[in-house]
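For reference, the chains in residue letters:
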Number of protein chains: 2
Amino acid sequence: MIKAAAEEFDRHGYDATSVARISAVAGLSIGAVAFHFPSKAQLADAVQQEGRSVTLAALSRLATDSTPPLRLVIDLTLELARLMEEEPSVRSAIRLARERPDAESWSDAWLPMVRGLLDRAYEDGQLRTDTLPADVTMLVEHLTSGAEAYLRRRMGSHPAFESAVAQLKRVWYLALVGVSADEALLLGRPRPTTGPGREQQAGSGPDPATGVKPVG
Amino acid sequence: MIKAAAEEFDRHGYDATSVARISAVAGLSIGAVAFHFPSKAQLADAVQQEGRSVTLAALSRLATDSTPPLRLVIDLTLELARLMEEEPSVRSAIRLARERPDAESWSDAWLPMVRGLLDRAYEDGQLRTDTLPADVTMLVEHLTSGAEAYLRRRMGSHPAFESAVAQLKRVWYLALVGVSADEALLLGRPRPTTGPGREQQAGSGPDPATGVKPVG
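Residues numbered from 1 in each chain as written. Chains lettered and ligands numbered in written order. Predicted model: local features only at pLDDT ≥ 70, side-chain atom pairs only at ≥ 80, totals over all residues. Heavy atoms only, no water.

Engineer: Any chance you could explain the overall build of chain A here in plain terms?
Structural biologist: Within chain A one finds ten helices and zero strands. Listing every helix and strand of chain A by position from the N terminus yields α-α-α-α-α-α-α-α-α-α. Expressed as a percentage of the 216 residues in chain A, the buried residues total 53%. Across chain A, every contact between residues at least 6 apart in sequence was considered, and the portion connecting residues at least 24 apart equals 63%. If you sum the accessible surface of chain A, you get close to 8,900 Å²; carbon and sulfur atoms cover 54% of it. (Helix = DSSP H or I, 4+ residues; strand = E, 2+ residues; numbered from the N terminus. Buried < 20%, exposed > 50% of the residue type's maximum accessible area, 1.4 Å probe, protein only. Contact = heavy atoms within 4.5 Å. Areas by Shrake-Rupley, 256 points an atom, 1.4 Å probe, with all protein chains shown as cover.)

Engineer: Just checking my understanding: could you explain helix α4 (residues 40-62) of chain A for this structure?
Structural biologist: Three or four residues apart is the spacing at which side chains of an α-helix point the same way, because the helix has 3.6 residues per turn. Residue and element names in this part refer to chain A. An ideal rise of 1.5 Å per residue puts 33 Å on 23 residues; α4 measures up with 34 Å between its terminal C-alpha atoms. Along α4, the residues classified as buried are Leu 43, Ala 44, Ala 46, Val 47, Gln 48, Gly 51, Arg 52, Val 54, Thr 55, Ala 58 and Leu 59. Where α4 is buried, its residues meet α1 (2-12), α2 (19-26), α3 (30-36), α5 (69-86), α6 (88-99) and α7 (107-123). (Expected span 1.5 Å × (residues − 1).)

Engineer: Any chance you could explain the packing of helix α5 (residues 69-86) of chain B against helix α9 (residues 164-177) of chain B here in plain terms?
Structural biologist: Geometrically, a packed helix pair is captured by the angle between its two axes and the distance between the axes. All names here are of chain B. In contact at an axis separation of 9 Å, α5 and α9 are set at 155° when each is read in the N-to-C sense. Taken as axis vectors, α5 and α9 run roughly antiparallel relative to one another. For the crossing formed where α5 meets α9, the hand is right-handed. Between α5, through Leu 70, Val 73, Ile 74, Thr 77, Leu 78, Ala 81, Arg 82 and Glu 85, and α9, the contact on the second element is made entirely by Ala 164, Val 165, Leu 168, Lys 169, Trp 172 and Leu 176. Across the contact of α5 with α9, the residue classes break down as ten nonpolar, one polar and three charged. (Axes fitted to C-alpha atoms, helices over the stretch in contact; angles between N-to-C directions. Parallel < 35°, antiparallel > 145°, perpendicular 65-115°, else oblique. Left-handed = near helix turned anticlockwise from the far one by under 90°. Nonpolar A, V, L, I, M, F, W, Y, C, P; charged D, E, K, R; others polar.)

Engineer: Just checking my understanding: could you explain the packing of aromatic side chains for this structure?
Structural biologist: The geometry of two aromatic rings is summed up by the distance between their centres and the angle between their planes. Using the criterion set out here, one finds four aromatic pairs over all chains in the structure. Both rings, one in Phe9(B) and one in Tyr14(B), keep their centres 5.9 Å apart while their planes meet at 20°; by these two values the pair is stacked. We classify Phe9(B) as buried; its relative accessible area is 0%. By relative accessible area, which is 15% here, Tyr14(B) ends up buried. Taking the centre distance of 5.4 Å and the plane angle of 65° together, the rings of Trp106(B) and Trp110(B) count as edge-to-face. Both residues of the pair, Trp106(B) and Trp110(B), count as buried. Lys40(A) extends its terminal NZ or CZ atom over the ring of Tyr14(A), reaching a point 4.5 Å from the ring centre. (Phe/Tyr/Trp six-rings, centres within 6.5 Å; stacked < 30°, edge-to-face > 60°. Lys NZ or Arg CZ within 6 Å of the ring centre and 35° of its normal.)

Engineer: Sorry, what's going on with the side chain of Thr77(B) here?
Structural biologist: Residue and element names in this part refer to chain B. Here Thr 77 is to be found in helix α5. The class of Thr 77 is buried, set by a relative accessible area of 2%. Those residues in contact with Thr 77 that sit more than four places away from it in its chain are Val 140, Thr 144, Leu 168 and Trp 172.

Engineer: Just checking my understanding: could you explain the packing of α4(A) against α6(A) for this structure?
Structural biologist: Residue and element names in this part refer to chain A. Interhelical geometry of α4 versus α6 gives an angle of 125° and a closest axis separation of 8 Å. Put simply, α4 runs oblique to α6. Crossing handedness for the pair α4 and α6: left-handed. Contacts from Ala 44, Val 47, Gln 48, Glu 50, Gly 51, Val 54 and Thr 55 of α4 reach α6 at Ser 89, Val 90, Ser 92, Ala 93, Leu 96 and Ala 97. Residue composition of the contact of α4 with α6, by class: seven nonpolar, five polar and one charged.

Engineer: What is the right way to look at the environment of Leu76(A) in this model?
Structural biologist: All names here are of chain A. Structurally, Leu 76 is set in helix α5. Remark: the alpha-carbon pair of Leu 76 and Val 114, spanning 38 residues in sequence, is separated by 8.1 Å. Not counting residues up to four positions away in its chain, the partners in contact with Leu 76 are Leu 59, Leu 62, Met 113, Val 114 and Leu 117.

Engineer: For this particular structure, what's the right way to read the nonpolar core?
Structural biologist: In globular proteins that are soluble, nonpolar side chains generally tend to be buried together. The biggest cluster of nonpolar side chains holds 86 residues, and the ones touching the most others in it are Leu139(A), Trp172(A), Leu139(B) and Trp172(B). In contact with Trp172(B), not counting residues within four places along its chain, are Val73(B), Ile74(B), Thr77(B), Leu139(B), Val140(B) and Leu143(B). Listed in part, the 14 residues of the second largest apolar core include Tyr14(B), Val19(B), Ile22(B) and Val47(B). (Core = buried A, V, L, I, M, F, W, Y, C linked by side-chain atoms within 4.5 Å.)

Engineer: Please explain the environment of Leu72(A) as it appears in this structure.
Structural biologist: Residues and elements named next belong to chain A. Here Leu 72 lies in helix α5. Taking the C-alpha atoms as reference points, Leu 72 and Val 114, separated by 42 residues in sequence, lie 8.7 Å from one another. When neighbours within four sequence positions are excluded, Leu 72 is seen to be in contact with Leu 62, Ala 63, Thr 64, Thr 67 and Leu 117.

Engineer: Mind showing me how you'd approach the pattern of salt bridges here?
Structural biologist: Pairs can form between side chains of opposite charge once their charged atoms are near each other. The tally for this structure, following the rule as stated, stands at 36 salt bridges over all chains. Between Asp130(A) and Arg128(A) there is a salt bridge, and its shortest N-O distance comes to 3.1 Å. Given a relative accessible area of 26%, Asp130(A) falls into the partly exposed group. Its relative accessible area of 1% is what places Arg128(A) among the buried residues. Glu104(B) is the salt-bridge partner of Arg52(B), the closest N and O atoms lying 3.5 Å from each other. Separated by 52 residues along the polypeptide, Arg52(B) in helix α4 (residues 40-62) and Glu104(B) in the loop between α6 (88-99) and α7 (107-123) bring together distant segments of the chain. Looking at Arg52(B), the relative accessible area reads 7%, which means it is buried. Overall, Glu104(B) belongs to the exposed group, its relative accessible area being 54%. A single network of salt bridges, built from pairs that share partners, joins Asp10(A), Arg91(A), Arg98(A), Glu148(A) and Arg152(A). (Salt bridge = Lys/Arg side-chain N within 4 Å of Asp/Glu carboxyl O.)

Engineer: Quick question: what am I supposed to make of helix α2 (residues 19-26) of chain B here?
Structural biologist: Residues and elements named next belong to chain B. Restricting attention to buried positions, one finds in α2 the residues Val 19, Ile 22 and Ser 23. Considered in projection along α2, the buried side chains sweep an arc of 100° and stay on one side of the axis. Of the surrounding elements, those touching the buried residues of α2 are α1 (2-12), α3 (30-36) and α4. (Arc of directions from axis to C-beta.)

Geometric values such as these leave the question of function open.
So, in C-alpha cells, the structure goes:
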C-alpha cells in the first residue's frame, strides 16, 4: 500500500492523488486503506517516513571510519542521486516535502550527517582554509536539488539522457577543483589568451576573473 | 488574468488549480476567462510564456559586451534567483515546467545564452583548461535548480531565512575557487593536519583528497 501510494504521489503530486486512486492501484478497497490511514495526509506522512528510512539505511551502509570525510560526502550525495533514480519512495518523499512544506522534509534526514562530515573534513584539512563547512553543506543541498530537478526533466521528455549520478559526478569534480582558471594560472599552466584582471594574485579576496567575493 | 493564473499555479500547482479558481481570484466570470483561454492547458502555456519573457527581458538588460563572460554568467544566475524570489510568473513557469514535462521548459529559454557565454569564457581563458563549457553549463543548471528548491522550502516554513540570491553567491564562490584543499596546498598554504593521499600531485588526474575523477 505504501509502495502504491509512493508511486502515485511521485507521479501526480499530493493534490492530484486521491486515496481512491491509491486503493485502486494497490488492489485494495478504500475501506481497507482508510482502516490503516484515515486521511490522505497520514498516508503521505507514511510515504515520507518510508523515503527517509530507505535513504538513511542506504547512507549508513556507505559510512565507514576509513573513508576520508570529504570523499564520503561525495559518495553520499552520489548515493542520494542513485536513490532518486531507483526508489519511488525517495522521489515521492522529495516531491511531497516540496508540496507539503509543514511535513518533515527529506533533506533534514541526511543533512546533519553531511554537516558533521564536513566539519571533520575541515578539521582534517581537506577543505580550503577559506571554505566554511556550512557553505559546503549549502553547496551539497544545491547540487542534490539540481540532481532531482534534472531527473524530473529527464523523466518527462528525454528518456535517453545521461544518468543523474554520472552528471553529478562531473559537477562535483568542478566544485572540488573550481571552475575559474586563475589558480591554474598560478600553478604555471599557460593559457592561450588572457582575460582582464589576470595581474591580481589569487587568495582570499575576490576572484580576479569574476569579481565575486565570498559573502558574509 | 495571467497574473492571477501565475499566482495560483505557483501556489497550488497545475493539477490542483482550476480555471474556476483563477477566474474568482482575477474577479472575472468563467466565461470571460474561457473566451481568451478555452482550456487550463492554454492558460498554463500563456503563464509559462510570460515567465520566459520576463526572464529573457531581465537577462538581456544585464548582458553587455564589456563584462567578462564568466562574470556575466554569474550575474545572470544571480538575476535568475532574484526573479524567482520576486516574480510569480517566473516561479510559476518553473513549477509548471516541472509538472507539465511536455510544455516548453523555463530553462530552455536562457540555457543557450549561458552556454554561449561559457564557450566564450573558455576561449578567453577564464575557465580551467580541464573544464568543459558543457559541464559548467550543467553546474549552472544544478545551482539554479538548487536556488529554486531552497526558495520553495523557505517559502513553506522558514520566512526569516537568507535570500536565495545571497546564498547562491556563496555557493558560486565555492564553485569558482573549488572546495578541495589540495590546490591551496600546492600554492604553499600549510594546513594544520594532512589527510591521506597528500603526497600526490594535483593535475588532470583524480582529486587526491577524494579520488573523484572527471567523468567522460
